[in-house]
Each structure stands twice: as structure tokens, then as C-alpha cells.
Amino acid sequence: MRNSNSQAVHLKKEILVRLAAAFLGGDYPQAARLIPYDMRPKGSEVPFRCCIHKERAILKDRVIAGMGFAIEADDEKTLLSEYAERSLSRKRPEDQPLTVLGAACRGCVPNRIYVTDLCQGCVARECQSVCKFGAISIVNGKSAIDGAKCKNCKMCVNVCPYKAIVRIAVPCEDCCPVGAITKNPQGLAQINFAKCIVCGKCLAACPFGAVHEKSQLIDVLNQLKRGQRVIALLAPSIAGQFPGSPGQLKTALQISGFSDAYEVALGADITASNEAREFTERLDSGQSFMTTSCCAGYQELLKKHLPEIVPFVSSTRTPLYYAAEKARRENPVALIVFIGPCVAKKMEGLGNPAIDYVLNYEELGALFIAQKIEILSCPETPFAQESSRQGKNFGFCGGVAAAVSAAAGRPERLKPCLIDGLNKDTIKQLKKMAAERTCPEGNLIEVMCCEGGCIGGNAALNTLKLAKKIILEYSDRAPEIKGL
Amino acid sequence: MSKLAVKICLGTTCFVMGGSELQELPEKLPASYKKLVSISGCPCLGQCGAAATRAPYVLIGDELLSEASIEKILKKITEKLNHAQ
């Protein structure tokens, strides 16, 4: 889920740009300390919060998250300059990739049904008659809801002819597919990491921008500055996320200090072939369906909420896994950095020793902006090994299923069913498949955590439509995947 | 009459800060404007500076629009076309 039109997203990106510029500018700790003051100098406008001091305090928290630290663990006394020093000496990124900024959280009132002033106290009183729980009574001539009886079913919301009854939304809780967001005793959002599948939907949904990724941008910049050999692995969804072609992007990466870049689509070719083989074997042995396994958010869902479907999930590794294995084999002493569309892949990176760091598109964009690299003026650098058309199409909904189908070679046998985004309904659908050991809609279930696929990831920079169009133009020139 | 030129900055900063989606402008342009307006991408307009605060930029005629959105661009185009008449 993405929403790049929002000012909250713009603000988060600006923080990353300023942070990268602070790092590159010389006196990093001092420059980092001044970011909130540079963004809200003395006497400046206060666009969002109650006063300039709160604006700066929240900007400080955003910078801390941008440096890769959890706001939950912040004591509020530590200076940004001190955090900057710590970010330089850190050996590896912290474990949980998400953090909630308590100061930025609105503390939305809990989800409930609310009668607004628009209630006319009408004679029909359908709200009262439709309520199965007897929660609505008439007080002073208007409808009133007894919170203790109300079950949030929204029947009254739907029948009111004046649309006077509303459900008060809590965007982060509403979009979380697994109920991992709760309120702390102060009424502020907190993530229950035992339940969280790191899908990043809350990150995109919060209108106050209170959920942040803990960025690994400084870690990568620091390694590049040290002159380490750093290899970038580019997710298939990257075509269309930056101006210019993937070949120009590779040149831009080399200018910014990376030694080489690989397309993860190479790994996607291996994933598709292995899944095609597995699919054929499983169907031959009598299993009625198989789900794909490449989405990192889905992997977290399997571990934490859906163990019963695991026997039906492909045991093939992800495209990133195979690409990292290859890059590591060919560059034993280099650092491997995956560049992808979502926060869930940070989780996969933390769990795979072949991957040192993960940057998302916003973070890579910030790095380019701070280094003043114009991708459009870069010449093309070809990739050492060409991936298939199908491998390049892994990043949008339907692309994985099409690749497995092409690799399996028997299209009449494979019926794809696309789970286009994980939400409460599609999770129910998957649970039902596991319980009934069958899926009426198809036999190869492609699961994408984000709507639209990886191009709909929380850090995607382009619209779904444009991103898919550009990927298709790019992949059209590539060779077909080899069949089994 | 020459067409009103709309140039969408495709520099790295503008693209990353939200200019990417401005490329949907041609299809959002009302049919009656199509003969009067020419839309193109252009290399960095050199307006962004280090902080990228006000990107993306779009040049409409001789006027520079900052923090551009499809809606803001369409409003400015209408204003320019009405003024020209």
C-alpha cells in the first residue's frame, strides 16, 4: 500500500535526504543535530503541530528512526549528535524494522460508532430497530449509543437516511491484517511484534506519519565511505521507480560508490523453475493446490498466524535468496545490499546472513538526491547476466504465477488464483483453503502481501499503473524463461 | 497560436519526491485542452537545491510550479489558457 501524494510521505522522504546530506557533508553528528532546526528555523511557520517545539521534537524522532534506531527505546535525553555517533559504530542493524513515534501519534479515539450532530431525531428510527444488541436509545430526542452494548456492526451506520451515524476510524488498526496494533496505557499506538508481519500497511496508512521504518541508510553510506566493496541487488519491481532505465540506474549506483549491481530477476528465474518442478510433483502426488512463497510479508504471516497452510506452501526459496547466494559466491568479501520496495524484505534480510543490508526505493532515492546524481544523464551499463522476461515480471500481481506457468510448460494443468494483497478477508480465504485442503479458484495460489504486487510496496515511488507499464516495456526485450 | 508548454521535471530529486506520478498528466488532461497544451518530460530544471523540500517542480509556460500535483498543474493550465483568451 502506498500513497506518495501525501505530505506525510513527502516529509519522511525529506528527512532521509537531509540525513544522507548530513552524512556526506563532513561534520555528520553536528549536521544531524541541526536537521530539526534547519527544517523549522526560528520564526518559521508551524504547518502541522501545536507549536514549533513539538514540530522539532517529532522531526528529531523521525531522524532517529532514519538513523535506524527504535523510538520505543529512546530516553528523550540523548542528543541527535550522540545517535549519529552510535549509528556509525553499529555492527549490524537492529532487529525489528518498524518503530512507532509516540509523539507523532494522534492517539486516535478507539474504533467506535458515533452519532453526529446531523441526527435529526426522526420518526422512522431505523437505527434503533435495526440494532440487534439494543444499544440505541433516544436521549433528548436524538439517538444515543450505549458503548457497553454496541458491537460495532455498523447496521445503524448503513440505515440512517441522514448519514448521521459514523464509524470512527483508526487507520493503523483498521489496515493491519493481523490485529498487531494496540493502544498503550497512554492511548498511543504500539506494535505487538509477536503478531506483526511487517507488511508496512500501517506505515502507509497513518495520516500523522507516526510509523517509521528504521532505516539502514547510514550503515550503507558508512560502508561506501570506507571504500568497502558493496554489491547492489535490484528487485524486479525497481524498473519504473526511478527516472531512466535499469542500465542507467546501474551506472548511477556505480557513481554513488557501489561496485556492481545484479538483477534479482536472475534469482526469480531460479524460483520460477523450482516452483514449476515442485508444483508438478505436488499435483502428481495428489495435492490439490500449492501457494507461492516469495513474498516476505506472506512468510511472516505463515510463521505467526497461518501454520496450517505451510504444507501447501512451496518450499522454494525467494528470488532474493538465490540472487544473494550468487552474488556472495562471486564476491566473497563484498557487502551485499538488497534494494527493494518494502519493509517486509528488511525482515528477510535480517534473517539471511548472505544479505548485509536492505534499502528501500525511498532510501536509495535519498542517497542519489544527496549525492546529486542525475540518473537521466548516466550512460547505460549492461548487467553481466540477462534474466528472462518472466523473471523481470515478478514484481506485479500475476507475474509470479505467469512465470511458474511458463516454466512448467503445461499451461492447461495450471490454474492460477491471485491473492492480490493480504487483508482480513484474503487471510480468511487462505485459512479456508488450508482447512478444506482445496482451493476452488485455482491450483497455483500466488500470494502478494501488497495490492498490485511488489510495485504496491510501502516504499514504491511510482503509481501501480505507470510502474507496471514500464516493467512490461523493459521485460518485453528479454528472452523467454527456459521450460523444465 | 503556439501551444502552452508543460515541462515535467524528470530530474532524480523531482521524480523521487513525487514527480513520478505527474507522468499520468496526459491522460488526466481534459479533451478540450489537448490541442492547446503540449506536455513533455525534461531534465533537471535546477530548482531543487540540497533539501528537496519543495520538489517536484513543473514548468508551465514561463511559470515554475513547486510541490506540483496533477490537480495544481491542471488549475494552473486553466488559469493560463483563460488569461490567453
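(A) Spatial organisation of the overall build of chain A. Along chain A, the regular secondary structure elements total 20 helices and 15 strands. Against the compact-globule benchmark of 23 Å for 484 residues, chain A has a radius of gyration of 24 Å, which places it among compact chains. Dimensions along the principal axes, computed over C-alpha positions, put chain A at roughly 75 × 65 × 35 Å. In chain A, buried positions account for 58% of the 484 residues. Partitioning the intrachain contacts of chain A with sequence separation of at least 6 by distance along the chain shows that 74% fall at a separation of at least 24. When the accessible surface of chain A is split by element, carbon and sulfur atoms take 53% of a total near 20,400 Å². A distance of 4 Å separates the average location of the 61 positive side-chain charges in chain A from that of its 49 negative side-chain charges.

(B) Focus on the sheet that holds strand β9 (residues 230-234) of chain A. Residue and element names in this part refer to chain A. With parallel pairing, four strands are arranged side by side in an open sheet as β10-β9-β12-β13. Only two strands of the sheet have a single partner each, and these edge strands are β10 (260-263) and β13 (357-360). Each adjacent strand pair in this sheet contributes to an overall mean axis angle of 25°, direction not counted. Pairing geometry for β9 and β10, over four bridges, is parallel.

(C) Summary view of the environment of A407(A). Here A407(A) shows up in helix α18 (residues 399-408). What makes A407(A) buried here is its relative accessible area of 0%.

(D) Geometry of the pattern of salt bridges. Throughout the structure, instances matching the rule amount to 30 salt bridges over all chains. Note that K346(A) and E213(A) form a salt bridge whose closest N and O atoms lie 2.3 Å from each other. Taken together, the positions of K346(A) in helix α15 (residues 344-350) and E213(A) in strand β8 (residues 211-213) put the pair 133 residues apart, joining distant regions of the chain. By the burial criterion, K346(A) is buried, and E213(A) matches it. Each member of the salt-bridge network shares a partner with another, and the members are D62(B), E63(B), K76(B), E79(B) and K80(B).

(E) Looking closely at the packing of helix α1 (residues 7-24) of chain A against helix α10 (residues 217-225) of chain A. Residue and element names in this part refer to chain A. Interhelical geometry of α1 versus α10 gives an angle of 30° and a closest axis separation of 11 Å. With respect to α10, the axis of α1 lies roughly parallel. Viewed along their axes, α1 and α10 form a crossing whose handedness is right-handed. Residue-level contacts link L16, L19, A20, F23 and L24 of α1 to L217, I218, L221, N222 and K225 of α10. For the contact of α1 with α10, the per-class residue count stands at eight nonpolar, one polar and one charged.

(F) Broad picture of the environment of D75(A). All names here are of chain A. Position of D75 relative to the elements: it lies in the loop between α4 (52-66) and α5 (80-89). Polar contacts involving the side chain of D75 include one to the main-chain amide nitrogen of K77, which spans 2.9 Å. Only 2.8 Å separates the side chain of D75 from the side chain of T78, close enough to count as a polar contact.

(G) Inspection of the sheet that holds strand β14 (residues 416-420) of chain A at higher detail. Residues and elements named next belong to chain A. Strand order in the open sheet formed by three strands is β11-β15-β14, and the pairing between neighbours is parallel. Single-partner strands in this sheet number two, and they are β11 (290-291) and β14. The pairing of β11 with strand β15 (residues 444-448) spans two bridges and is classified as parallel. Residue T291 lies in a different strand from β15, and its bridge partner there is I445. Across the face of the sheet, helix α19 (residues 424-436) comes into contact with β14 and β15 while running at roughly 140° to β14.

(H) View of α1(A). Residues and elements named next belong to chain A. In this model α1 runs 26 Å from its N-terminal to its C-terminal C-alpha over 18 residues, within 8% of the 26 Å that 1.5 Å per residue would give. If you check the start of α1, you find a side-chain oxygen 3.1 Å away from the backbone N of A8, and it comes from S6. Of the residues one or two after α1, G26 is the one with positive phi, at around 125°.

(I) Here's a closer look at the packing of aromatic side chains. Residue and element names in this part refer to chain A. Going through the model one piece at a time under the given rule, you end up with six aromatic pairs over all chains. With centroids separated by 5.5 Å and ring planes inclined at 85°, the aromatic side chains of Y321 and Y322 adopt a geometry described as edge-to-face. A relative accessible area of 11% places Y322 in the buried class. Aromatic ring contacts, followed pair by pair, group F242, Y361 and F368 into a single cluster. Taking NZ or CZ as reference, R317 lies 4.1 Å from the ring centre of Y321, over its face.

(J) Just the side chain of K201(A), in detail. Residue and element names in this part refer to chain A. Considering the arrangement of structural elements, one finds K201 in helix α9 (residues 201-205). It is E451 that comes nearest to the buried, bridge-free K201 among opposite-charge side chains, at 5.6 Å. Side-chain polar atoms of K201 contact the backbone oxygen of L422, separated by 3.3 Å.

(K) Fine view of the environment of P379(A). Residue and element names in this part refer to chain A. Looking at where P379 falls in the secondary structure, it is placed in the loop between α16 (361-370) and α17 (389-392). For P379, a relative accessible area of 53% corresponds to the exposed category. Counting along the chain gives 134 residues from P379 to S245, while the straight-line C-alpha distance between them is 9.6 Å. Once you skip the residues sitting within four places of it in the chain, P379 turns out to touch G247, Q248 and T251.

(L) Focus on the interface of chain B and chain A. Contacts between the two partners involve 19 residues from chain B and, on the opposite side, 24 residues from chain A. On the surface where chain B and chain A come into contact, there are one salt bridge. Note that K465(A) and E27(B) form a salt bridge whose closest N and O atoms lie 2.3 Å from each other. Ranked by the residues each element gives to the side of chain B that touches chain A, the list is headed by helix α1 (residues 12-16) of chain B, at four residues.

Thresholds, definitions, all that
Residues numbered from 1 in each chain as written. Chains lettered and ligands numbered in written order. Predicted model: local features only at pLDDT ≥ 70, side-chain atom pairs only at ≥ 80, totals over all residues. Heavy atoms only, no water. Helix = DSSP H or I, 4+ residues; strand = E, 2+ residues; numbered from the N terminus. Rg over C-alpha atoms; globule rule 2.2 N^0.38 Å. Buried < 20%, exposed > 50% of the residue type's maximum accessible area, 1.4 Å probe, protein only. Contact = heavy atoms within 4.5 Å. Areas by Shrake-Rupley, 256 points an atom, 1.4 Å probe, with all protein chains shown as cover. Lys, Arg positive; Asp, Glu negative; His and termini not counted. Charge placed at Lys NZ, Arg CZ, Asp CG, Glu CD. Pairing = 2+ DSSP bridges. Axes fitted to C-alpha atoms, helices over the stretch in contact; angles between N-to-C directions. Salt bridge = Lys/Arg side-chain N within 4 Å of Asp/Glu carboxyl O. Parallel < 35°, antiparallel > 145°, perpendicular 65-115°, else oblique. Left-handed = near helix turned anticlockwise from the far one by under 90°. Nonpolar A, V, L, I, M, F, W, Y, C, P; charged D, E, K, R; others polar. Polar contact = N/O pair within 3.5 Å; in protein donor to acceptor, adjacent residues only side chain to side chain. Expected span 1.5 Å × (residues − 1). Phe/Tyr/Trp six-rings, centres within 6.5 Å; stacked < 30°, edge-to-face > 60°. Lys NZ or Arg CZ within 6 Å of the ring centre and 35° of its normal.

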